[in-house]
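# Geometric and topological summary
Letter by letter, the chains look like this.
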Amino acid sequence: MATTQVDLVTPSGMLFSGQAEMVVCRTAGGDIAFLANHMPYVGALAPHPLRVVHPVGGPDELAFDVEGGFVEVSENRVVVLASSAQRQRQP
Amino acid sequence: MPAGQERVLRRRIRSVQSTQKITRAMELIASSRILRAQQAITAAKPYAERMQAVVAELSATPEAREHWVFAGGGDGKVVVVIGADRGLSGAFNSSVLRVADDLVRQLVARGSRPTVVAVGRKAVAHFNFKGQPPADRFEGMADRPRFEDAQAIVAAVQRHLESGSVGEVHVVSTRFLSVGTQRPQARRLVPIERTDEDRNTAFEFEPDPAEILDRLLPRWLEAEVYAAMLESAASFHVAQQRAMKAATDNADKLIKTLRRAMNRARQDAITTEIMEIVGGAEALRQDDADDEASSRQEMYVFPEAS
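Residues numbered from 1 in each chain as written. Chains lettered and ligands numbered in written order. Predicted model: local features only at pLDDT ≥ 70, side-chain atom pairs only at ≥ 80, totals over all residues. Heavy atoms only, no water.

### Considering the interface of chain B and chain A
How big an interface is tends to be expressed through the accessible area that disappears when the partners come together. The line we're drawing: Any two residues whose heavy atoms approach within 4.5 Å are treated as being in contact. The quantity reported as buried area is the accessible area (1.4 Å probe) lost by two parts once they are put together, taken as the sum for both. Here, a salt bridge means any side-chain nitrogen of Lys or Arg that lies within 4 Å of a carboxyl oxygen of Asp or Glu. Pairing of N or O atoms within 3.5 Å defines a polar contact, subject to two protein rules: one partner must be a possible hydrogen donor and the other a possible acceptor, and residues neighboring in sequence count only if both atoms are side-chain atoms.
Counting residues at the interface gives 23 residues for chain B and 24 residues for chain A. With both chains or domains summed, chain B and chain A bury close to 2100 Å², and 69% of this area falls on carbon and sulfur atoms. Together, Tyr-47, Arg-50 and Glu-206 of chain B form the three largest contributors to the area buried by chain B at its contact with chain A, with a combined 31%. On inspection of chain B and its partner chain A, the count reaches one salt bridge. Residues Arg-50 of chain B and Glu-72 of chain A are paired through a salt bridge, measuring 3.6 Å at the closest nitrogen-oxygen approach. Along the contact surface separating chain B from chain A lie seven residue pairs in polar contact (both at pLDDT 80 or more).

This is the structure in structure tokens:
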């Protein structure tokens, strides 16, 4: 399946950067998923888990707790800007 | 008193040596912190850059261009001054504070009363001393700024912005251009510089651009202030390392001079002592010779003394 570049960036550094099939997050308008070649989009994130589905060379899914921030999509690239975020512990 | 002089010099050398130990330790600590501060700058860079890209995207969007964040708002002005918590760093604090004073003077000349937000003990002390106590003060975090510190500062700035009368935010800080070059600089953060190019990409905004901007502004300020604080901290450590290296080298030179003076004083003392002994021996020998001579010739050396 086609992939999109995903960057999860926080002030203390890059938390995740790589190709993935899908990113799911919650914005002010509700839950939204980004597949490859999504149209340009800017949204404010709500504090909510963010899922990176099928990252290339990784596990099936990566989940992060994101404490607000923004998501910007353009040119097949999803950039998540979070003032604070961390990898969710596996249940 | 030649022997006393030697002791005094010995004491001074010891005092300079112990100062040198302190300056050398501070130099080493500062240089180890430079690297860590540089790493923090590098780690924070992607966030600030991506944030900048989103802001640029918004500024090229027709609906967002007229927002006060870009167009300007009230007459009030906030100046965030980032200094250091400690001195012993050469001209680091004085040069950044001079730039801050210039900016404040310019703003006053243009007829406004800027509100000062001071970061770093030295910046707070400076404005207190000048009789312009800062509206908000942040101390004790300038050495190793954390993102939460930047958030606290922006929260204070945000309070001024929300009062509605403030339309400009300036930040004065030392930019870390490289290990060799740091420069104090005043920059205007708000209103944000608009990119004049017209973007053809039609973005979908959620919520609408104006609300996104309202939410984005504090986050963007946080990223900018955090970057400025990190650069200021790195510059401070470089300035301190340089100042302490100069102090250590200077102590070396001073010790050399003092040791030379001390050796000369000791040599003088020895010479004087030998002269005294020789003089004394000579005098005794002279006395003996005189005794012999006087007993033989009954000649008085000091006739009036007899």
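The discussion continues.
### What to know about the packing of aromatic side chains
All names here are of chain B. Short version of the rule: Whether two aromatic rings pair depends on their centres lying within 6.5 Å, for rings of Phe, Tyr and Trp, where Trp uses its six-membered ring; planes under 30 degrees apart make the pair stacked, over 60 edge-to-face, and the rest tilted. Here a helix means four or more residues in a row that DSSP labels H or I, a strand means two or more in a row labelled E, and each is numbered from the N terminus. For every residue, the accessible area (1.4 Å probe, protein chains only) is compared with the maximum for its type, and the residue is labelled buried under 20%, exposed over 50%, or partly exposed between those bounds.
Applying the stated criterion across every chain, the model contains six aromatic pairs over all chains. Summarising the aromatic geometry, the rings of Phe-147 and Tyr-226 are spaced 5.1 Å apart at their centres and angled 85 degrees between planes, so their arrangement reads as edge-to-face. Here Phe-147, found in helix α6 (residues 147-162), pairs with Tyr-226, found in helix α7 (residues 209-297); they are 79 residues apart in sequence, far enough to count as distant. Like Phe-147, the residue Tyr-226 is buried in the burial classification.

### Quick look at α6 of chain B
Rules: A helix is expected to span 1.5 Å multiplied by its residue count minus one.
For α6 of chain B, spanning 16 residues, the distance from its first C-alpha to its last is 22 Å, which sits close to the expected 22 Å at 1.5 Å a residue. Looking one or two residues beyond α6 of chain B, the residue adopting positive phi is Gly-164 of chain B, at roughly 90 degrees.

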